[in-house]
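Next come the chains, spelled out residue by residue.
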Amino acid sequence: MSQNDRIIKNINATMSMENMALLKEDKERLRECLEGKVSYQDAIDKLIKQYTHKQVN
């Protein structure tokens with residue numbers, strides 16, 4: 001098992017304790033960050049944009 005796989009497995013175990021297991025997309029996002037394909041800040045910004053709704057007046 002690679003170091004990245006171990007990290008993702010540990011994160012998933014921790015999140016599962018709170019009934020918040022990682023989705024396949026979450027694990028893929030983590031892997032991309034760990035491999036340096038995407039910066040952590042870019043991944044965070046994308047999630048914020050995805051889950052932030054603009055208010056309509």
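The following refers to the structure shown. Since the model is a prediction, treat every value here as computed from it, not as a measurement.

On the surface, a nonpolar cluster with roughly 310 Å² of combined accessible area is contributed by Tyr40, Ile44 and Ile48. Examined against the element boundaries, Ile48 turns out to sit in helix H3 (residues 40–51). A relative accessible area of 49% means that Ile48 is categorised as partly exposed.

Bringing the packing of helix H2 (residues 24–34) against H3 into the picture now. For the pair H2 and H3, the least separation of the axes is 9 Å and the interaxial angle reads 150°. The angle between H2 and H3 falls in the class roughly antiparallel. Contacts from Arg29, Cys33 and Leu34 in H2 reach Tyr40, Ala43 and Leu47 in H3.

All right, on to unusual backbone geometry then. In terms of backbone geometry, most residues other than glycine have negative phi values and most peptide bonds are trans. Phi is positive for Asn19, close to 60°, though the residue is something other than glycine. Taking the relative accessible area as the measure of exposure, Asn19 reaches 74% and is therefore exposed.

Further remarks concern the environment of Met20. With respect to the helices, strands and loops of the structure, Met20 is situated in the loop between helix H1 (3–17) and H2. Each C-alpha atom, one on Met20 and one on Asn10, is 13 Å from the other, the two residues being ten residues apart in sequence.

Another aspect to go through is the side chain of Asn12. Along the chain, the position of Asn12 falls in helix H1. Classification of Asn12 by relative accessible area gives buried; the value is 18%. Sequence-distant contacts of Asn12, defined by excluding residues within four places in its chain, comprise Ala21, Leu22 and Lys27.

How each quantity is defined
- Residues numbered from 1 in each chain as written.
- Predicted model: local features only at pLDDT ≥ 70, side-chain atom pairs only at ≥ 80, totals over all residues.
- Heavy atoms only, no water.
- Patch = residues over 30% accessible without salt bridge, like charges linked within 9 Å, V, L, I, M, F, W, Y side chains within 5 Å.
- Areas by Shrake-Rupley, 256 points an atom, 1.4 Å probe, with all protein chains shown as cover.
- Salt bridge = Lys/Arg side-chain N within 4 Å of Asp/Glu carboxyl O.
- Helix = DSSP H or I, 4+ residues; strand = E, 2+ residues; numbered from the N terminus.
- Buried < 20%, exposed > 50% of the residue type's maximum accessible area, 1.4 Å probe, protein only.
- Axes fitted to C-alpha atoms, helices over the stretch in contact; angles between N-to-C directions.
- Parallel < 35°, antiparallel > 145°, perpendicular 65-115°, else oblique.
- Contact = heavy atoms within 4.5 Å.

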